[in-house]
Amino acid sequence: MPSHTIVIIGSSIAGLSAAEAAREKDPDCRIIILSEDSHLPYFRQRLCEVLHNREQAGKLYIHPEDWYQEQGFDLRLNEKVTRVLPAEKAVMLGSGERVPYDSLILASGSYSFLPPTKGFDLTGVETLWTMEDALRIESRIGRAKRSIVIGGGVLGLEAAYALHQRGLESRILERLPRLMMRQLDERSAELFTALVEHEGTHVATQAYIREIIADDEGRAAGMRLEDGSEFPADLILVSAGVRANTEFLSGTGVEVDRMVLVDHQMRTNVPGIFAAGDCAMMDQRWYGLWMIARQQGAVADENAAGGSKEYVMPVPPYMVKTMGTQIASAGTIEEANLSPEALEQLHRDIEENSGLFQYAKRLYVGDTLSGFILMGDTKAFSSLHKQLGKE
Ligand SMILES: Cc1cc2nc3c(=O)[nH]c(=O)nc-3n(C[C@H](O)[C@H](O)[C@H](O)COP(=O)(O)OP(=O)(O)OC[C@H]3O[C@@H](n4cnc5c(N)ncnc54)[C@H](O)[C@@H]3O)c2cc1C
């Protein structure tokens, strides 16, 4: 008889790492992973590889199917959780079935946000978060000529690069004044934008979208901006951020403020319910990163099994490989974000080769490295990341 039943909602990296940690701690416990996804767990952060080449899809699965059986995981795909019933210690599935738990781990991640813009519901407007999304977009590439990606963050850039590599005209529209606001300062963003254009993708920043233009058959045919300018496109990918999957928690008493609120032990305010990964927020901090979801999943589970491990949010490292270059950054990368006291002790170290689109910046406050950006040559990344915050 299993000693304990752990139910995990979500089969991506936070859910999977929770399951692995649970199995390590207790070889006999029952582990049920419920997921609305129809695919075995995959490396979501590599989905743009499918846009480059459909064959890659088969290479993105984290483990083969029989591995889950060998671990004794009851992985139930195509199962959407519609409600959590804390008083009964059970979750309810779309079919109405109730699945009882001793401990519950919420690892339900995110979905792509579609702003309420006119035309975002037209055929030809896509978002990319799941394997199915990637396969559907890939299947449209052969029929499309011009693409627009809305959003100049990491995901948008990777997608725009793939679309251009597949022969489509490629354009990125970004609301903010520059690309990759979280990862680049003003100068490196300027250099990077020049590289993106050099690689064949057009960039427009401070681009405010008014509507998607439809053709006679009701399909997306282009984009109209607030300033009146128009861009034709038959494939439009919206990469305008994500929202946490928390709707099944309404009325449960689990505290949600855009994400599920957790303490340092990944506990929600409801006993026996933990949360990890993209659906969780700790200390008002949320990064939406694979590595953090993996680490949090393991901590949540250890604590679900009776432990009291604390999770300390790391300074998030950003590693991006796109547009034929690599970018790594972490910490405080802009002088404007330092306090007046810190600015008095500021020392910067900047190297640039604009011909090669290379840039390296290190910001020190006194002798302490407070942040860095590496573009082009990222070999120093690990050693700099370890130095962050240390004298
Ligand atoms: C194209 C792309 C590129 C990315 N690039 C990077 C990168 O370079 N670096 C990086 O660190 N991160 C990147 N990310 C983000 C990274 O993938 C996420 O941070 C990570 O996947 C979060 O993991 P998670 O397990 O918390 O949630 P998710 O991966 O969102 O998984 C959530 C799981 O919960 C399931 N689920 C949701 N609701 C329910 C429900 N009601 N019932 C049952 N199951 C449910 C889903 O089916 C899914 O299995 C990228 C993401 C994408 C899409």
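Residues numbered from 1 in each chain as written. Predicted model: local features only at pLDDT ≥ 70, side-chain atom pairs only at ≥ 80, totals over all residues. Heavy atoms only, no water.

Once that is clear, we can look at the overall build of the chain. Assigned secondary structure in the chain consists of nine helices and 26 strands. Taken over the C-alpha trace, the chain has a radius of gyration of 22 Å; the compact-globule value for 391 residues is 21 Å, and the two agree within 12%. Considering only C-alpha atoms, the chain reaches an extent of 65 × 65 × 35 Å along its principal axes. Burial status across the chain gives 53% buried among its 391 residues. The contacts in the chain between residues at least 6 apart in sequence include a share of 60% that link residues at least 24 apart. As displayed, the chain offers around 18,000 Å² of accessible surface, 47% of which is attributable to carbon and sulfur atoms. Each charge sign in the chain was given a centre, from 40 positive and 56 negative side chains, and these centres are 2 Å apart. (Helix = DSSP H or I, 4+ residues; strand = E, 2+ residues; numbered from the N terminus. Rg over C-alpha atoms; globule rule 2.2 N^0.38 Å. Buried < 20%, exposed > 50% of the residue type's maximum accessible area, 1.4 Å probe, protein only. Contact = heavy atoms within 4.5 Å. Areas by Shrake-Rupley, 256 points an atom, 1.4 Å probe, with all protein chains shown as cover. Lys, Arg positive; Asp, Glu negative; His and termini not counted. Charge placed at Lys NZ, Arg CZ, Asp CG, Glu CD.)

For the rest of this paragraph, the subject is the packing of aromatic side chains. The tally for this structure, following the rule as stated, stands at four aromatic pairs. Here the aromatic rings of W67 and Y68 are separated by 5.0 Å at their centres, their planes lie at 85 degrees, and the arrangement is edge-to-face. Centre to centre, the rings of W67 and F73 are 5.8 Å apart; their planes meet at 70 degrees, and the pair counts as edge-to-face. The pair W67 / F73 is uniform in exposure class, with both members buried. Put simply, the rings of W67, Y68 and F73 touch in pairs and so form one group of aromatic residues. The positively charged end of R243 is found above the aromatic ring belonging to F113, 3.7 Å away from the centroid. (Phe/Tyr/Trp six-rings, centres within 6.5 Å; stacked < 30°, edge-to-face > 60°. Lys NZ or Arg CZ within 6 Å of the ring centre and 35° of its normal.)

Counting all residues, the mean pLDDT for the chain is 95, and 99% of those residues have values of 70 or more. Interface predicted TM-score (ipTM) for the complex: 0.99; the corresponding pTM is 0.95. (pLDDT = per-residue confidence, 0-100.)

What follows is about the sheet that holds strand β4 (residues 81-85). Note on sheets: strands pair through backbone hydrogen bonds, and any given pair is parallel or antiparallel. Reading across the sheet, the three strands line up as β4-β5-β6 and stay open at both edges, with antiparallel pairing between neighbours. With partners counted over all chains shown, the strands left at the sheet margins are β4 and β6 (98-100), one partner each. Across the sheet, the axes of successive neighbouring strands diverge by a mean angle of 25 degrees, strand direction being ignored. (Pairing = 2+ DSSP bridges. Axes fitted to C-alpha atoms, helices over the stretch in contact; angles between N-to-C directions.)

Given a rise of 1.5 Å per residue, 15 residues ought to cover 21 Å, and the 21 Å separating the end C-alpha atoms of helix α7 (residues 290-304) matches this to within 8%. Among all positions in α7, only W290, I292, A293, Q296, G297, V299, A300, D301, N303 and A304 are buried. Among the residues trailing α7, G306 stands out with phi positive, at a value near 105 degrees. (Expected span 1.5 Å × (residues − 1).)

Taken together, 31 residues surround the ligand, and among them S12, R44, V81, D278 and W290 come closest. Within the contact set of the ligand, an oxygen atom lies 2.7 Å away from a side-chain nitrogen or oxygen of S12. At 3.1 Å from an oxygen atom of the ligand is found a side-chain nitrogen or oxygen belonging to W129. In isolation the ligand exposes 990 Å². Once the protein is present, 93% of that is buried. Sorting the residues of the shell around the ligand by element identifies α1 (13-25), α5 (154-165) and α7 as the ones contributing at least two each. Of the residues in the shell around the ligand, the class split is 13 nonpolar, 11 polar and seven charged. (Near = heavy atom within 4 Å. Polar contact = N/O pair within 3.5 Å; in protein donor to acceptor, adjacent residues only side chain to side chain. Nonpolar A, V, L, I, M, F, W, Y, C, P; charged D, E, K, R; others polar.)

Once that is clear, we can look at the sheet that holds strand β24 (residues 346-353). What the five strands build is an open sheet, ordered β22-β23-β26-β25-β24; its pairing is antiparallel. If you trace the sheet from one side to the other, it starts and ends with β22 (318-322) and β24, each paired once. Within the sheet, the average angular offset between the axes of one strand and its neighbour, ignoring direction, is 10 degrees. Summarising the sheet, β22 and strand β23 (residues 325-331) pair through five bridges and their orientation is antiparallel.

This part takes up the side chain of T252. Within the secondary structure, T252 is located in the loop between β17 (242-244) and β18 (256-257). Look at T252 and you get buried, because its relative accessible area is 11%. At 2.5 Å, the side chain of T252 forms a polar contact with the backbone oxygen of L249. A polar side-chain atom of T252 sits 3.2 Å from the main-chain amide nitrogen of V254. Ignoring sequence-local partners within four residues, the contact set of T252 consists of V84, P86 and V270.

Let's shift gears to the state of the cysteines. By definition, a disulfide links the sulfur atoms of two cysteine residues through a covalent bond. Scanning the entire structure with this criterion turns up zero disulfides. With no disulfide of its own, C29 lies 20 Å from the sulfur of C279, the closest cysteine sulfur. By relative accessible area, which is 4% here, C29 ends up buried. (Disulfide = S-S within 2.5 Å.)

Before going further, it helps to examine the pattern of salt bridges. Using the criterion set out here, one finds 31 salt bridges in the structure. Here E217 and R219 are joined by a salt bridge, their closest N and O atoms 2.9 Å apart. Judged by relative accessible area, E217 falls into the exposed class, the value being 59%. For R219, a relative accessible area of 37% gives the class partly exposed. Among the ionic pairs, E351 bridges to R362, the shortest N-O distance being 3.5 Å. Separated by 11 residues along the polypeptide, E351 in strand β24 and R362 in strand β25 (residues 358-365) bring together distant segments of the chain. Residue classification places R362 among the buried positions, given a relative accessible area of 15%. Three or more residues joined by partner-sharing salt bridges are found here, namely K118, E211, R224 and E230. (Salt bridge = Lys/Arg side-chain N within 4 Å of Asp/Glu carboxyl O.)

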